[in-house]
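As a plain string of letters, each chain reads:
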Amino acid sequence: VADKSVDKVWHVCPGEKLRSTHVPKPVGVHFHSGRLYVGSFVQGDASVHVLEQNVGGKKDEGEGDAYRMKMKIVHPRLLHPAGLVVQGGTLYVLEQVHRALLTFDVSNGNFTGALLDQLLDAPEGIMYSPGC
C-alpha cells in the first residue's frame, strides 16, 4: 500500500506483522521478479525506486525497512510516476504531468522512449495483458 501521507509503503502479509519501507511520497507500486517498483512524487526529485527485500531487516521483530534501495530511476520527463508495470525487461511508467507512457530498461534504469504522449487526461492505472 502506497501511503504518501507518511512516506511509507506498507507490506500487508497474511499471518505476519505489518511492516513498511520508507519511500518519499509513494504514489504507485508494482511487484515483479522479487523487486518492488515505487513511484515517488517529490517536487524536484520525482523518481521510481527499485527495491529488493532487505534480508537484514529483522523481519521477525518488525524492525527496519522491509526492502532496501537497489536503484533509483530519474529522468527530466518523470515528474509524477503513477502507474507502473514491468514486462519483458521494460518498466512502463504512466507519467501524469506530461500525460505520457514512458519506458525504461529495468536492468540499468535508462530511458528508452515514450509510447504514448500528450494524453487528454492524467493517466493513473496500467496493467499488462497477454491477450493483446
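Further up the page is the structure itself.
These numbers come from a predicted model, not from an experiment. (Residues numbered from 1 in each chain as written. Predicted model: local features only at pLDDT ≥ 70, side-chain atom pairs only at ≥ 80, totals over all residues. Heavy atoms only, no water.)

What exactly am I supposed to notice about the sheet that holds strand β7 (residues 67–73) here?
Two pairing modes exist for strands in a sheet, parallel and antiparallel, and in both the strands are linked by backbone hydrogen bonds. Strand order in the open sheet formed by four strands is β4-β5-β6-β7, and the pairing between neighbours is antiparallel. Looking along the sheet, the strands with just one partner apiece sit at the ends: β4 (26–32) and β7. Adjacent strand axes in the sheet meet at a mean angle of 25 degrees, parallel and antiparallel pairs treated alike. By the bridge criterion, six bridges tie strand β5 (residues 35–40) to strand β6 (residues 47–53) in an arrangement that is antiparallel. Bridged to Val 38 within β6 is His 49. (Pairing = 2+ DSSP bridges. Helix = DSSP H or I, 4+ residues; strand = E, 2+ residues; numbered from the N terminus. Axes fitted to C-alpha atoms, helices over the stretch in contact; angles between N-to-C directions.)

For this particular structure, what's the right way to read the nonpolar core?
For soluble globular proteins, nonpolar side chains are generally found buried alongside one another. Counting residues in each nonpolar core, the largest one holds 14 residues, and the members touching the most others are Tyr 37, Val 48, Ile 73, Leu 91, Val 93 and Phe 104. Sort the elements by how many residues they give to this core and strand β10 (residues 100–105) lands first, with three residues. Ignoring sequence-local partners within four residues, the contact set of Tyr 37 consists of Gly 28, Val 29, His 30, His 32, Val 48, His 49, Val 50, Leu 84, Val 86, Leu 91 and Val 106. Among the nonpolar cores identified, the runner-up in size contains seven residues, and Val 23, Val 38, Leu 51 and Ala 66 belong to it. (Core = buried A, V, L, I, M, F, W, Y, C linked by side-chain atoms within 4.5 Å. Buried < 20%, exposed > 50% of the residue type's maximum accessible area, 1.4 Å probe, protein only. Contact = heavy atoms within 4.5 Å.)

Just checking my understanding: could you explain the environment of Gly 64 for this structure?
The topology assignment puts Gly 64 in the loop between β6 and β7. With 14 residues separating them along the chain, Gly 64 and Leu 78 place their C-alpha atoms 29 Å apart.

The quantities given are spatial measurements derived from coordinates; they are silent on function.
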